[in-house]
Amino acid sequence: MDDINARGLVMIGCGFMGKALLEGWIAAGLSPEAVTVQDPTPSEWLAAQPGFRLNAPLPEAPAVLVIAVKPQVLDEVIPDLAGFGGGRTIVVTIATGAPVSYYERHFGPETPIIRTMPNLPASVGCGVTALCANAAASGEAMALVGTLFGAVGTSVTLEDEGMMHLVTGVSGSGPAYVFALAEAMAQAGTELGLPEELARALAIQTVAGAGHMLATPGADPTALRQAVTSKGGTTAKALEQLMRTPDGIADLARAAVDASRNRSAELSRS
């Protein structure tokens, strides 16, 4: 963090994900005084942060520029940031859809550009972020950005940017699938006779506990599923319903991931 603390980090836009990243980075040693945030409608949290330079003039050549706006407003925001091109500043984007080539057109191909796809669990330090970069991003730049996102979970590097749309479908949108499952489990318990609050608590803790088991080193979801499923038992009967085709959980998951991937590709073309 030394170079960032000396030269500064600029974040353009600071919604829920921007907040999660800043909290994790500050906990990892980023100085609040090194942070400049531009956001036309800052949250109460952002406005209350001591040390942040909120909507202040931008430093001339910060170490890192983080673009954290919605993809629909990229065309409005990017032209005013073109001066950060040239190679002195690492441009990091968490905006969905737009490819590295989009940023190269504005910042120049000599600018190190790293496209990322973090996900919501970054807000509790358990995120996973996919990274891909242009040719100008050195190993040192990738290591620095990997360290940043390692502060809020783990990161993986993609050699093929084309995978980013599919990563969006699996991990970017993925937390919503898990939340929907917990919601459906709670609703089913309530409809079948449990008190609403009890059903909700059981569903949430079950999903959280299963997630914790999956996060242990060497965990395999197939092996864990098989371990908890006794032949002819209650879990086996339940899974018969979830695995039914053509509407079983595997088919639904494939359809969900595919729909998210396709939407990410649409955003990249718009």
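Residues numbered from 1 in each chain as written. Predicted model: local features only at pLDDT ≥ 70, side-chain atom pairs only at ≥ 80, totals over all residues. Heavy atoms only, no water.

K.L.:
Help me out: how do you make sense of the nonpolar core in this one?
P.N.:
One broad rule of soluble globular proteins: the nonpolar side chains tend to lie buried together. Grouped together as the largest cluster of nonpolar side chains are 32 residues, with contacts concentrated most on Leu9, Met11, Leu21, Leu22, Trp25, Val37 and Phe149. Examining the composition of this core, we find that 5 residues originate from one element, helix α6 (residues 139–150), more than from any other. Not counting residues within four places of it along the chain, the set of residues in contact with Leu22 comprises Leu9, Met11, Cys14, Val35, Val37, Trp45 and Phe52. (Core = buried A, V, L, I, M, F, W, Y, C linked by side-chain atoms within 4.5 Å. Buried < 20%, exposed > 50% of the residue type's maximum accessible area, 1.4 Å probe, protein only. Helix = DSSP H or I, 4+ residues; strand = E, 2+ residues; numbered from the N terminus. Contact = heavy atoms within 4.5 Å.)

K.L.:
I keep staring at the sheet that holds strand β3 (residues 53–54) and nothing clicks. Help me out?
P.N.:
Two pairing modes exist for strands in a sheet, parallel and antiparallel, and in both the strands are linked by backbone hydrogen bonds. The strand order β3-β2-β1-β4-β5-β6-β7-β8 describes an open sheet built from 8 strands, whose pairing is mixed. Because the sheet does not close on itself, it has two edges, and the strands there are β3 and β8 (153–157). Examined bridge by bridge, strand β4 (residues 64–67) and strand β5 (residues 90–93) share 4 bridges and lie parallel to one another. When the sheet's bridge partners are listed, Leu65 is paired in β5 with Val91. On the sheet, helix α5 (residues 100–107) packs against β4, β5, β6 (113–117) and β7 (127–133) and is oriented at approximately 145° with respect to β6. (Pairing = 2+ DSSP bridges. Axes fitted to C-alpha atoms, helices over the stretch in contact; angles between N-to-C directions.)

K.L.:
Help me understand the pattern of salt bridges, please; the structure alone is not making it clear to me.
P.N.:
Where side chains of opposite charge bring their charged atoms close, a pairing between them can arise. Within this structure, the stated rule accounts for 6 salt bridges. Of the charged contacts, one joins Lys237 and Glu240 as a salt bridge, the two residues approaching to 3.8 Å between their closest N and O atoms. Of this pair, Lys237 and Glu240 both sit in helix α11 (residues 234–242), 3 residues apart, roughly one helical turn. Judged by relative accessible area, Glu240 falls into the partly exposed class, the value being 44%. A salt bridge links Glu266 to Arg263; its shortest N-O distance comes to 3.1 Å. Of this pair, Glu266 and Arg263 both sit in helix α12 (residues 249–269), 3 residues apart, which is roughly one turn of that helix. The exposure class assigned to Arg263 is partly exposed, which follows from its relative accessible area of 44%. (Salt bridge = Lys/Arg side-chain N within 4 Å of Asp/Glu carboxyl O.)

K.L.:
For this particular structure, what's the right way to read unusual backbone geometry?
P.N.:
With glycine set apart, most residues show a phi of negative sign, and most peptide bonds adopt trans. With a phi angle near 55°, Asn55 is a residue other than glycine that sits in the positive phi range. Counting through the fold element by element, Asn55 comes out in the loop between β3 and β4.

K.L.:
Would you explain the pairing of strand β1 (residues 9–12) in this entry?
P.N.:
Side-chain alternation along β1 places Leu9 and Met11 on one buried face and Val10 and Ile12 on a second face that is also buried. Bridge count for β1 against strand β2 (residues 35–38) is 4 bridges, and the pairing is parallel. Bridge assignment links Met11 to a residue of β2, and that residue is Val37. Note that the unit made of β1, helix α2 (residues 16–27) and β2 has a crossover that is right-handed. Relative to β4, β1 is paired through 4 bridges, and the arrangement is parallel. In the strand pairing of β4, Met11 is matched with Val66. (Right-handed = clockwise from strand over helix to strand, strands pointing away.)

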